[in-house]
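# Geometric and topological summary
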2 protein chains.
Amino acid sequence: MQAEIITIGDEILIGQIVDTNSAFLGKTLNKAGISIYQITSIQDDEKHILKALKEAEENADIVIITGGLGPTKDDITKHTLCQYFNDTLVENKEVLAHVEDLFTTYISTPISDINRQQALVPSKAKILKNRYGTAPGMWIEKGNKVFISLPGVPYEMKSLIRDEALPALQSRFKFPFIRHKTLLTNGLGESAIAKKIEKVESQLPNYIKLAYLPSLGSVRLRLSAKGTDLRLVEMGIEEQIKRILPLIEDIFVGYEDENTIETIIGSRLIETGKTLSIAESCTGGQIAKGFTANAGASKFFKGSIVSYSTDSKTEILKVATDDIEANSVVSKSVAEAMAINVRELFKSDIGISTTGNAGPTKGESDAEVGTVWIAIATEDNVFSEVFNFSNHREKVIMKASNKALEMLLKIILKK
Amino acid sequence: MQAEIITIGDEILIGQIVDTNSAFLGKTLNKAGISIYQITSIQDDEKHILKALKEAEENADIVIITGGLGPTKDDITKHTLCQYFNDTLVENKEVLAHVEDLFTTYISTPISDINRQQALVPSKAKILKNRYGTAPGMWIEKGNKVFISLPGVPYEMKSLIRDEALPALQSRFKFPFIRHKTLLTNGLGESAIAKKIEKVESQLPNYIKLAYLPSLGSVRLRLSAKGTDLRLVEMGIEEQIKRILPLIEDIFVGYEDENTIETIIGSRLIETGKTLSIAESCTGGQIAKGFTANAGASKFFKGSIVSYSTDSKTEILKVATDDIEANSVVSKSVAEAMAINVRELFKSDIGISTTGNAGPTKGESDAEVGTVWIAIATEDNVFSEVFNFSNHREKVIMKASNKALEMLLKIILKK
């Protein structure tokens, strides 16, 4: 049982937006046991949509289409679906009532004929109710195949999948079980890891796949298993992990799975009743943003300071001017002072800091582009380390953020 | 002349990573006059790769393939390219020297046989040098068609496209001109805007396309033109903008194009010699991160405080405890005090603040989920406004951040 995802919109092809919808769809469907055969991003063009629908029907059992359901002229998905399924648009009373209701409640401009057209749907379509917007989701069957058309607005699409489309798919089909388990490692390249686990990898049973995902400063090892027997699937993965772990003990950081490193750290801090604050220089808010993206962050995250100018380091973070003059703003002692002082300022148990130069040119210090000091202060200790993350701005920011998180995780796991 | 992008990797299909490479490729190629026909994300599977290559060869003149070039067993792109082009792998001495050089300079582990295999390339391939990694880019021609295979690591892929592949394409083909111009609007939905510009839209010449891109709190209008005469392409767009602008004067914020709203604000602040600081509560670092993602942010961005706990609002931002008790932490007066005080704390010309509840449950205040106060303090004034951004956490954070940026832009444009 396979699905294909089709995302419609010129804005994706010209790179004006990043297609995050497909990643969400892939993850959500996969968790429910649905394999994704392919993701296809196509133009707002009738011929192209028809061609993609035809190919997807050949490739997959379930076709999920997002985009092109807005009320304006460049939105042609509904008309094209009618053409593909030899159908016509009819007004749906429930959708019309919902659109009118949304306008009355949230929108100041009066409802127009264009908005009313949102209630036109192919006559063969079953409606999936869009609680957050005017464009309904649509479910159309052809033979044994299911086509689901959803709006491209991410939060509308997400709620439609979770609350409407996925439950409907689950009552229509029986899916196998797919499980992934991902090991986070730190400190070794993928080829060196491959050498370490060579033997285990060559003996993997064929329902288990192993993938290497190198990213800035770490490698993730993903084990994936698929089968109709949940116990076998889960045990199969656990068995392989038991074989791999002893081989990579020195570089193993934790499991990723449902979590990001931020949620692993967050849960651990909440469990132990510890709190965190951050002083970010070159990472510019990236670390704080990662924590606060998750609900419940306020349970352990006290706050952070993006201390971009040298002045703000001395005046807000109370780093001694002498220290900065003697050692430069990118130094072990400034990083440690930032971590210690932000911890005191926010009255948190742990303080982290970054100070460095993300480039592309030298900043207020003489530090080479890519040099970053990271420090972590706890109630009884201060740890710090310097890195050279290369000469690429995005890489420096992301590598420094990831490294700070990894250092933090190692420290709180030890406690 | 059209291109197709193929991204290879199970991690994309299962949603473990978001495919940002395709957006970068789309944008970069498009700017050079190359239309993207389709983006296809496929599995690490030989049959699937062969099928995608065949289809892309039928669809497009240029095929860009990313991913699957790592040194481990799950990376099968090179072998599959050999199969597709009926070719064999041969050792490339320059690549081998480069791999050895990278290991000597940056990596502590000794070079292994696995790493040496990075120097094996199809005999028909021309090498594109990868300055930042071990996997070379490869250029293979078949008839009039060009296939370019690149590693999936974003910064390696980006540098290979910019420095190697694109210049080579430009000397091999002559591309037409493609130009986009995007108008940022704020305050009206897409259907209401469509009604306002209905007449202009219906009279667009057929080499110009108009698209509506609604996002949280704003709509972007993109005009795109394509042709072999650059002057005609550029004038065509300008002419349409002259017709549209008077119709949307009240909701027009600025041009997007090469810029994001953060870079528009940044340039304007640098021009006028003004500086900025931010106090973020519910937006959690999102606004600061947007500014610091761009090089040169230190010229106007003094820093920010993510003031997540109520304590940090009183102790670091010096918001009066009385004020919080009397009005609650999510209130006009607290938002304004945060903006005024962060401006003073960082000695910046402008201070912005956000305080609200992003959900999913009520926090330290009684504010409804979705309620956000945004305030902006300048040398002579304080502006503030309250919003209800709905009950979806991600939506609240993004809408509040975007709204704060729009309010800021309007204020600095007035000056």
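Calculation notes
- Residues numbered from 1 in each chain as written.
- Chains lettered and ligands numbered in written order.
- Predicted model: local features only at pLDDT ≥ 70, side-chain atom pairs only at ≥ 80, totals over all residues.
- Heavy atoms only, no water.
- Helix = DSSP H or I, 4+ residues; strand = E, 2+ residues; numbered from the N terminus.
- Buried < 20%, exposed > 50% of the residue type's maximum accessible area, 1.4 Å probe, protein only.
- Contact = heavy atoms within 4.5 Å.
- Areas by Shrake-Rupley, 256 points an atom, 1.4 Å probe, with all protein chains shown as cover.
- Lys, Arg positive; Asp, Glu negative; His and termini not counted.
- Charge placed at Lys NZ, Arg CZ, Asp CG, Glu CD.
- Axes fitted to C-alpha atoms, helices over the stretch in contact; angles between N-to-C directions.
- Parallel < 35°, antiparallel > 145°, perpendicular 65-115°, else oblique.
- Left-handed = near helix turned anticlockwise from the far one by under 90°.
- Nonpolar A, V, L, I, M, F, W, Y, C, P; charged D, E, K, R; others polar.
- Pairing = 2+ DSSP bridges.
- Core = buried A, V, L, I, M, F, W, Y, C linked by side-chain atoms within 4.5 Å.
- Buried area = accessible area lost by both parts, 1.4 Å probe.
- Salt bridge = Lys/Arg side-chain N within 4 Å of Asp/Glu carboxyl O.
- Polar contact = N/O pair within 3.5 Å; in protein donor to acceptor, adjacent residues only side chain to side chain.
- Least-squares fit on C-alpha atoms with pLDDT ≥ 70 in both.
- pLDDT = per-residue confidence, 0-100.
- Phe/Tyr/Trp six-rings, centres within 6.5 Å; stacked < 30°, edge-to-face > 60°.
- Lys NZ or Arg CZ within 6 Å of the ring centre and 35° of its normal.

## Re the overall build of chain A
A tally of helices and strands in chain A yields 16 helices and 17 strands. Counting only C-alpha atoms, chain A reaches 75 × 60 × 40 Å along its principal axes. A burial count over chain A gives 61% of its 415 residues as buried. Counting only contacts in chain A whose residues sit at least 6 apart along the sequence, the fraction spanning at least 24 positions is 67%. For chain A, the accessible surface area stands at approximately 16900 Å², while carbon and sulfur atoms represent 50% of it. Within chain A, one finds 49 positive and 54 negative side-chain charges whose respective centroids are separated by 5 Å.

## Looking at the packing of helix H3 (residues 46–59) of chain A against helix H4 (residues 77–84) of chain A
Residue and element names in this part refer to chain A. Running from N to C, H3 and H4 cross one another at 55°; their axes reach a closest spacing of 10 Å. What the angle tells us is that H3 and H4 run oblique. In the packing of H3 onto H4, the handedness of the crossing is right-handed. The residues of H4 that touch H3, namely those facing Glu 46, Ile 49, Leu 50, Leu 53, Lys 54 and Glu 57, are Thr 80, Leu 81, Gln 83 and Tyr 84. Split into classes, the residues belonging to the contact of H3 with H4 amount to five nonpolar, two polar and three charged.

## Some words on the sheet that holds strand E9 (residues 177–186) of chain B
Residue and element names in this part refer to chain B. Read from one edge to the other, the open sheet built from four strands follows the order E10-E11-E9-E12, with strand pairing classed as antiparallel. Of all the strands in the sheet, the pair left with one neighbour each is strand E10 (208–215) and strand E12 (252–255). Neighbouring strand axes in the sheet, compared pairwise and without regard to direction, differ in orientation by 20° on average. Here E9 runs beside strand E11 (residues 218–227); their pairing, made up of ten bridges, is antiparallel.

## Quick notes on the nonpolar core
Counting 38 residues, the largest nonpolar core has Ile305(A), Leu317(A), Val319(A), Ile305(B), Leu317(B) and Val319(B) as its most contacted members. Leaving out residues up to four positions away in the same chain, Val319(B) has contacts with Lys313(B), Thr314(B), Ile324(B), Val334(B), Ala337(B), Met338(B) and Asn341(B).

## Quick word on the interface of chain A and chain B
Counting residues at the interface gives 96 residues for chain A and 94 residues for chain B. Buried area between chain A and chain B, both sides added, is near 7600 Å², and the carbon and sulfur share of it is 54%. Taken together, the connections running from chain A to chain B amount to four salt bridges. Of the charged contacts, one joins Glu315(A) and Lys347(B) as a salt bridge, the two residues approaching to 2.4 Å between their closest N and O atoms. Summed over the shared surface of chain A and chain B, the number is 34 residue pairs in polar contact (both at pLDDT 80 or more). Of the residues contributing to the side of chain A that touches chain B, the split by class is 34 nonpolar, 35 polar and 27 charged. The sheet contact formed by strand E14 (residues 301–307) of chain A and strand E14 (residues 301–307) of chain B spans five bridges and is antiparallel. Bridging across to E14(B), Ser304(A) finds its partner in Val306(B).

## A few points about unusual backbone geometry
Phi at Lys347(A) takes a positive value of approximately 50°, unusual for a residue other than glycine. Topologically, Lys347(A) is positioned in the loop between helix H15 (332–345) and strand E15 (350–356). Taking relative accessible area as the criterion, Lys347(A) reaches 55% and is therefore assigned exposed. Positive phi, close to 80°, is recorded for Ser328(B), a residue that is not glycine. In this fold, Ser328(B) is placed in the loop between helix H14 (321–327) and helix H15 (332–345). The class of Ser328(B) is partly exposed, set by a relative accessible area of 24%.

## Topic: the sheet that holds strand E2 (residues 35–42) of chain A
Backbone-to-backbone hydrogen bonds pair the strands of a sheet. The strands run either parallel or antiparallel. Read across the open sheet, the twelve strands follow the order E6(A)-E7(A)-E8(A)-E3(A)-E1(A)-E2(A)-E2(B)-E1(B)-E3(B)-E8(B)-E7(B)-E6(B); overall the sheet is mixed. Both outer strands of the open sheet, strand E6 (126–128) of chain A together with strand E6 (126–128) of chain B, are each paired with one neighbouring strand and no more. On average, each strand axis in the sheet is inclined to that of its neighbour by 20°, with strand direction left out of account. Where strand E1 (residues 2–8) of chain A meets strand E3 (residues 62–66) of chain A, five bridges bridge the pair, whose relative direction is parallel. For Glu4(A), the partnering residue across the bridge sits in E3(A) and is Val63(A). Packed onto the sheet, helix H3 (residues 46–59) of chain B meets E2 of chain A together with strand E1 (2–8), strand E2 (35–42), strand E3 (62–66), strand E7 (137–142) and strand E8 (145–150) of chain B and runs at close to 170° relative to E1(B).

## Observations concerning the environment of Ile248(B)
Residues and elements named next belong to chain B. You can see Ile 248 is positioned in the loop between helix H10 (230–244) and E12. Residue class for Ile 248 comes out buried when judged on its relative accessible area of 0%. Along the sequence, Ile 248 and Gln 286 sit 38 residues apart, while their C-alpha atoms lie 29 Å from each other. Contact partners of Ile 248, with chain neighbours within four places excluded, come to Leu 183, Thr 185, Ile 193, Lys 196, Ile 197 and Leu 221.

## As for the pairing of E8(B)
All names here are of chain B. With five of its six residues buried, E8 lies for the most part within the structure. Relative to E8, E3 runs parallel, the two being bridged by five bridges. Bridged to Ile 65 within E8 is Ser 149. Here E7 pairs with E8 via five bridges, running antiparallel. Paired with Ile 140 across the two strands is Phe 147, which belongs to E8. In this antiparallel pair of consecutive strands, E7 and E8, the connection spans two residues, and Gly 143 shows a positive phi of 60°.

## Here's the deal with the pattern of salt bridges
Residue and element names in this part refer to chain A. Following the criterion strictly, the structure yields 27 salt bridges over all chains and no others. Between Glu 58 and Lys 54 there is a salt bridge; the shortest N-O distance is 3.3 Å. Separated by four residues within a single helix, Glu 58 and Lys 54 lie in helix H3, roughly one turn from each other. For Glu 58, a relative accessible area of 56% puts it in the exposed group. In this structure, Glu 238 engages Lys 181 in a salt bridge whose closest nitrogen and oxygen atoms are separated by 3.0 Å. One end of the pair, Glu 238, is in helix H10 (residues 230–244); the other, Lys 181, is in strand E9 (residues 177–186), and 57 residues separate them in sequence.

## What about helix H4 (residues 77–84) of chain B?
One turn of an α-helix holds 3.6 residues; hence residues three or four places apart share an orientation. The buried fraction of H4(B) amounts to six of the eight residues, a majority that puts the element mostly inside the structure. Residues Thr77(B), Lys78(B), Thr80(B), Leu81(B), Cys82(B) and Tyr84(B) constitute the buried set of H4(B).

## Regarding the relation of the copies chain A and chain B
Relative to chain B, chain A is turned by 180° and slid 0.1 Å along the rotation axis, the superposed coordinates differing by an RMSD of 0.1 Å. Taken together, these values place the two copies in the relation of a two-fold axis.

## Examining the packing of helix H11 (residues 261–272) of chain A against helix H16 (residues 393–414) of chain A
Residues and elements named next belong to chain A. Where H11 meets H16, the closest approach of the two axes is 10 Å, and the angle between their N-to-C directions is 30°. Comparing the axis directions of H11 and H16 gives the class roughly parallel. In this structure, H11 crosses over H16, and the sense of that crossing is left-handed. In contact with Ile 261, Glu 262, Ile 264, Ile 265, Arg 268 and Leu 269 of H11, H16 contributes Leu 405, Glu 406, Leu 408, Leu 409, Ile 412 and Leu 413.

## Quick word on the confidence of the model for chain A
Any residue range with low pLDDT should be treated as having predicted coordinates unsuitable for detailed reading. Confidence along chain A averages 90 in pLDDT terms, with 97% of residues attaining 70 or more. Our summary of model confidence lists the complex with pTM equal to 0.74 and ipTM equal to 0.73.

## Quick look at the packing of aromatic side chains
Given two aromatic rings, their pairing is described by the distance between the two centres and the angle made by the two planes. For the structure shown, the criterion picks out 18 aromatic pairs over all chains. Centroid distance Tyr84(A) to Phe147(A): 6.0 Å. Interplanar angle 55°. Geometry classified as tilted. Placement of Tyr84(A) in helix H4 and of Phe147(A) in strand E8 (residues 145–150) is noted, with a sequence separation of 63 residues between them. We note that Tyr84(A), like Phe147(A), is buried. What links up through ring pairs into an aromatic cluster is the set Phe291(A), Phe300(A), Phe301(A) and Tyr308(B). Against the face of Tyr255(A) rests Lys181(A), its NZ or CZ located 4.6 Å from the ring centre. Sitting above the plane of the Trp139(B) ring, Lys126(B) keeps its charged end 4.8 Å from the centroid.

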